[in-house]
Amino acid sequence: QVQLVESGGGLVQAGGSLRLSCAASGSSFSINAMGWYCQAPGRERELVAVIRRGGSTKYADSVKGRFTISRDNAKNTVDLQMNSLKPEDTAVYYCNAQGYFSGSYYSFDSWGQGTQVTVSS
C-alpha cells in the first residue's frame, strides 16, 4: 500500500500564491506518474497537472502559465506551485500517484486525503 500525505493548502487572496506538497510512503514501490487533481463543490474531480517519471508534464488549460508541477523521484514527492491564483481555483486538491510494486506485476493508484485551497476575491 502506498500512502500519500499532502500539505500546503490554505486561504489566499486573488493574485496570491500557494505551494502544495505531497509525499508518498510505503515499501518497495516505483511511481510512474504523480499528479494533482481538484474538486470544487458540485463538480467532479478533474486533472490539474501531472508529471511522469521522466519529467514530462501535462496541465489543465485553466492553469497553464500559472501553475508548475515538479517532483523529486528520489524522495517520492511532488509539488504544485500555484501563482496568480483566482477565486475559481478554490477547491479541494488531491495528490495522486500511479505505479507498481517492485518485483511484482501489481500496480497501484493512490490518493491523498485532500487539502483545501480557498482563493478570496
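Now for a look at the structure at hand.

Definitions and cut-offs
- Residues numbered from 1 in each chain as written.
- Predicted model: local features only at pLDDT ≥ 70, side-chain atom pairs only at ≥ 80, totals over all residues.
- Heavy atoms only, no water.
- Helix = DSSP H or I, 4+ residues; strand = E, 2+ residues; numbered from the N terminus.
- Rg over C-alpha atoms; globule rule 2.2 N^0.38 Å.
- Contact = heavy atoms within 4.5 Å.
- Pairing = 2+ DSSP bridges.
- Axes fitted to C-alpha atoms, helices over the stretch in contact; angles between N-to-C directions.
- Polar contact = N/O pair within 3.5 Å; in protein donor to acceptor, adjacent residues only side chain to side chain.
- 1 Å grid on protein atoms, 1.4 Å probe; cavity = no way out; pocket = protein on both sides within 12 Å on 5 of 7 lines; lining within 4 Å.
- Points joined across faces, edges and corners; volume = space filled by probe spheres on them.
- Nonpolar A, V, L, I, M, F, W, Y, C, P; charged D, E, K, R; others polar.
- Disulfide = S-S within 2.5 Å.
- Buried < 20%, exposed > 50% of the residue type's maximum accessible area, 1.4 Å probe, protein only.

## Describing the overall build of the protein chain
Part 1 of the argument: For the protein chain, the count of helices and strands is zero helices and 11 strands.
Part 2 of the argument: For the protein chain, the sequential pattern of α-helices and β-strands runs β-β-β-β-β-β-β-β-β-β-β.
Part 3 of the argument: Taken over the C-alpha trace, the protein chain has a radius of gyration of 14 Å; the compact-globule value for 121 residues is 14 Å, and the two agree within 12%.
Part 4 of the argument: Considering only residue pairs separated by 6 or more positions, the protein chain has 55% of its internal contacts joining residues 24 or more positions apart.

## Some points on the sheet that holds strand 1 (residues 3-7)
Part 1 of the argument: Read across the sheet, four strands follow the order 1-3-8-7 without closing on themselves; strand pairing throughout is antiparallel. Bordering the open sheet on either side are strand 1 and strand 7 (67-72), each of which pairs with just one other strand. For this sheet, the mean inter-axis angle between neighbouring strands, taken without regard to orientation, is 15°.

## Quick notes on the side chain of aspartate 89
Part 1 of the argument: Along the chain, aspartate 89 falls in the loop between strand 8 (77-82) and strand 9 (91-101).
Part 2 of the argument: At 2.7 Å, the side chain of aspartate 89 forms a polar contact with the backbone nitrogen of lysine 86.
Part 3 of the argument: Non-local contacts of aspartate 89, meaning those with residues more than four positions away in its chain, are made with Arg66, Phe67, Ser84, Val117 and Val119.

## Some points on the layout of surface pockets
Part 1 of the argument: Taken as a whole, the largest pocket spans an internal volume of roughly 220 Å³.
Part 2 of the argument: Contributing to the lining of the largest pocket are 18 residues, with Cys38, Glu46, Ser62, Glu88 and Asp89 lying nearest its centre.
Part 3 of the argument: Looking at the lining of the largest pocket, the elements that each hand over two or more residues are strand 4 (29-39), strand 5 (46-52) and strand 9.
Part 4 of the argument: Counted by class, the lining of the largest pocket contains nine nonpolar, three polar and six charged residues.

## Points about the state of the cysteines
Part 1 of the argument: Taken as a whole and assessed by the stated rule, the structure comprises one disulfide.
Part 2 of the argument: Covalently, cysteine 22 is tied to cysteine 95 through a disulfide, its sulfur atoms 2.1 Å apart. Disulfide cysteine 22 to cysteine 95: torsion about the S-S bond roughly -85°, handedness left-handed. Of this pair, cysteine 22 sits in strand 3 (residues 18-25) while cysteine 95 is found in strand 9, placing the two residues 73 residues apart along the sequence.
Part 3 of the argument: Assessed through its relative accessible area of 1%, cysteine 22 is described here as buried.
Part 4 of the argument: Note on cysteine 95: relative accessible area 0%, which makes it buried.

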